[in-house]
Amino acid sequence: KENIKRIMMRSLIKACLVAAFMMALLGCGQGDDVQAIRELVDKGAALGEKHDIGGLVELAAEDFVALPGEMDRQSVKGVLWRVFRYYGAFRVLYPLPKVTVEPEGGKASASFPFLIVREEVSFPGLKDLTQDPQRWLEEVGQNADLYSLEMELTKQSGEWRVRRATVKRFTGRSFKE
């Protein structure tokens, strides 16, 4: 009986260790995906600041749709051109994006408020608030036009691509399409 208890206890410990290891692996995979998506957002902001329409379109999936207006990859190029022309040299400011990866992988969502500011405008101390989206919103919302971006992403050939993007303008109380 003593031997059986020891064997069962060892088996239980092994099973728990294997389960913990598998959960750690799954958690790391999702963490890696979250980081990869946040890096995609950073890359998109940098491409926007460079007025690189082609580079931005490459971040989109083939079946990409931008809302409002239900624009495909081709249609969004014209909108980007007009935005770039309107703002001239600008910066894109935003706090840490909220990212959710579906448990089975392959699909995710990301959302965050953002601000496009002409290069000469500054917000001292804003960088210190990037980890706190609520305080970031409070600071920026009083001084600039603010937008929200909600994205649906898909993983294609190991790379995250934006499948759907919805931009909303902040009206002072909420975001509106």
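Check the entry above for the structure.
Chemist: It is not clear to me how the overall build of the protein should be interpreted in this structure. Could you clarify?
Modeler: Along the protein, the regular secondary structure elements total four helices and seven strands. In the protein, the succession of helices and strands from N to C terminus is α-α-β-α-β-β-β-α-β-β-β. Residues counted as buried form 32% of the 177 residues belonging to the protein. Total accessible area on the protein is roughly 11,700 Å²; 54% of this is exposed by carbon and sulfur atoms.

Chemist: Teacher, can you tell me more about the pattern of salt bridges here?
Modeler: As a working rule, side chains carrying opposite charge can pair if their charged atoms are close by. For the coordinates displayed, the defined rule picks out four salt bridges. Here K155 makes a salt bridge to D33, at a shortest N to O gap of 2.8 Å. Separated by 122 residues along the polypeptide, K155 in strand β5 (residues 147-156) and D33 in helix α1 (residues 2-49) bring together distant segments of the chain. According to the relative accessible area criterion, K155 is partly exposed, its value standing at 35%. D63 is the partner of R163 in a salt bridge, and the nearest nitrogen-oxygen pair spans 2.8 Å. Within this pair, whereas R163 is found in strand β6 (residues 159-170), its partner D63 is found in strand β1 (residues 60-67), the two being separated by 100 residues in sequence. R163 gets classed as partly exposed once you look at its relative accessible area, which sits at 38%. Accessibility expressed as a relative area gives 39% for D63, which makes it partly exposed.

What counts and how
- Residues numbered from 1 in each chain as written.
- Predicted model: local features only at pLDDT ≥ 70, side-chain atom pairs only at ≥ 80, totals over all residues.
- Heavy atoms only, no water.
- Helix = DSSP H or I, 4+ residues; strand = E, 2+ residues; numbered from the N terminus.
- Buried < 20%, exposed > 50% of the residue type's maximum accessible area, 1.4 Å probe, protein only.
- Areas by Shrake-Rupley, 256 points an atom, 1.4 Å probe, with all protein chains shown as cover.
- Salt bridge = Lys/Arg side-chain N within 4 Å of Asp/Glu carboxyl O.

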